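# Survey of secondary and tertiary structure
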Amino acid sequence: MSPDSLPPGSVRSAAEVNEQIRALWLRAGGILSAQERAEYELLVVEWAAAIRGEIIEAA
């Protein structure tokens, strides 16, 4: 599932997004196509936002 397919306001945990990132790298065999690279970049942005949200909640 790409981040674009999530309903508005839906937030996944950093752990969930990290699993998606790992799965992408495994599927790609460590070499990302242009499309996979774009997906990876979206996932990293989503992961960073989730981490920030988790840090704010913990504070």
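See above for the structure.
### Looking at helix 2 (residues 34–58)
In an α-helix there are 3.6 residues to a turn, and that puts residues three or four apart on one side. The end-to-end C-alpha separation of helix 2 is 36 Å, in line with the 36 Å expected for 25 residues at 1.5 Å each. Three or more residues of helix 2 are buried, namely Leu43, Glu46 and Ala50. Buried residues along helix 2 sit in contact with helix 1 (14–28).

### With respect to helix 1
Spanning 15 residues, helix 1 covers 21 Å between terminal C-alpha atoms, matching the ideal 21 Å at 1.5 Å per step. Every buried residue of helix 1 is accounted for by Ala14, Val17, Gln20, Ile21, Leu24 and Ala28. Buried residues in helix 1, looked at end-on, bunch into an arc of 120 degrees, giving them a common side. Facing away from the buried side of helix 1, by more than 90 degrees, are the exposed residues Ala15, Glu19, Arg22, Leu26 and Arg27. Buried residues in helix 1 make contact with helix 2. Where helix 1 ends, the next residue or the one after it, Gly29, has phi of about 70 degrees, a positive value.

### Section: the pattern of salt bridges
Under the definition given, this model contains three salt bridges. Between Glu46 and Arg12 there is a salt bridge, with the nearest N and O atoms lying 2.8 Å from each other. Linking Glu46 in helix 2 with Arg12 in the segment before helix 1, this pair joins segments that are 34 residues apart in sequence. Taking relative accessible area as the criterion, Glu46 reaches 14% and is therefore assigned buried. For Arg12, a relative accessible area of 10% gives the class buried. A salt bridge links Arg37 to Glu41; the nearest nitrogen and oxygen atoms lie 3.4 Å apart. Within this pair, Arg37 and its partner Glu41 are both found in helix 2, separated by four residues, close to a single helical turn. Overall, Arg37 belongs to the partly exposed group, its relative accessible area being 40%.

Conventions used here
The residue numbers shown here count from 1 along each chain, following its written sequence. Whole-chain, interface and lining totals are the exception, using all residues; otherwise, since this is a predicted model, local features are given only for residues with pLDDT of at least 70 and side-chain atom pairs are given and counted only at 80 or more. Only heavy atoms go into the side-chain values, all of them from the structure, while hydrogens and water stay out. Numbering of helices and strands runs from the N terminus; a helix is a DSSP stretch of H or I covering at least four residues, while a strand is a stretch of E covering at least two. An expected span of 1.5 Å times one less than the residue number is assigned to each helix. Relative accessibility under 20% of the residue-type maximum defines a buried residue, over 50% an exposed one, and the middle range a partly exposed one, all with a 1.4 Å probe and only protein chains included. Any two residues whose heavy atoms approach within 4.5 Å are treated as being in contact. The arc refers to the directions leading from the helix axis to the C-beta atoms. Between Lys or Arg on one side and Asp or Glu on the other, a salt bridge is scored when a side-chain nitrogen of the former is within 4 Å of a carboxyl oxygen of the latter.

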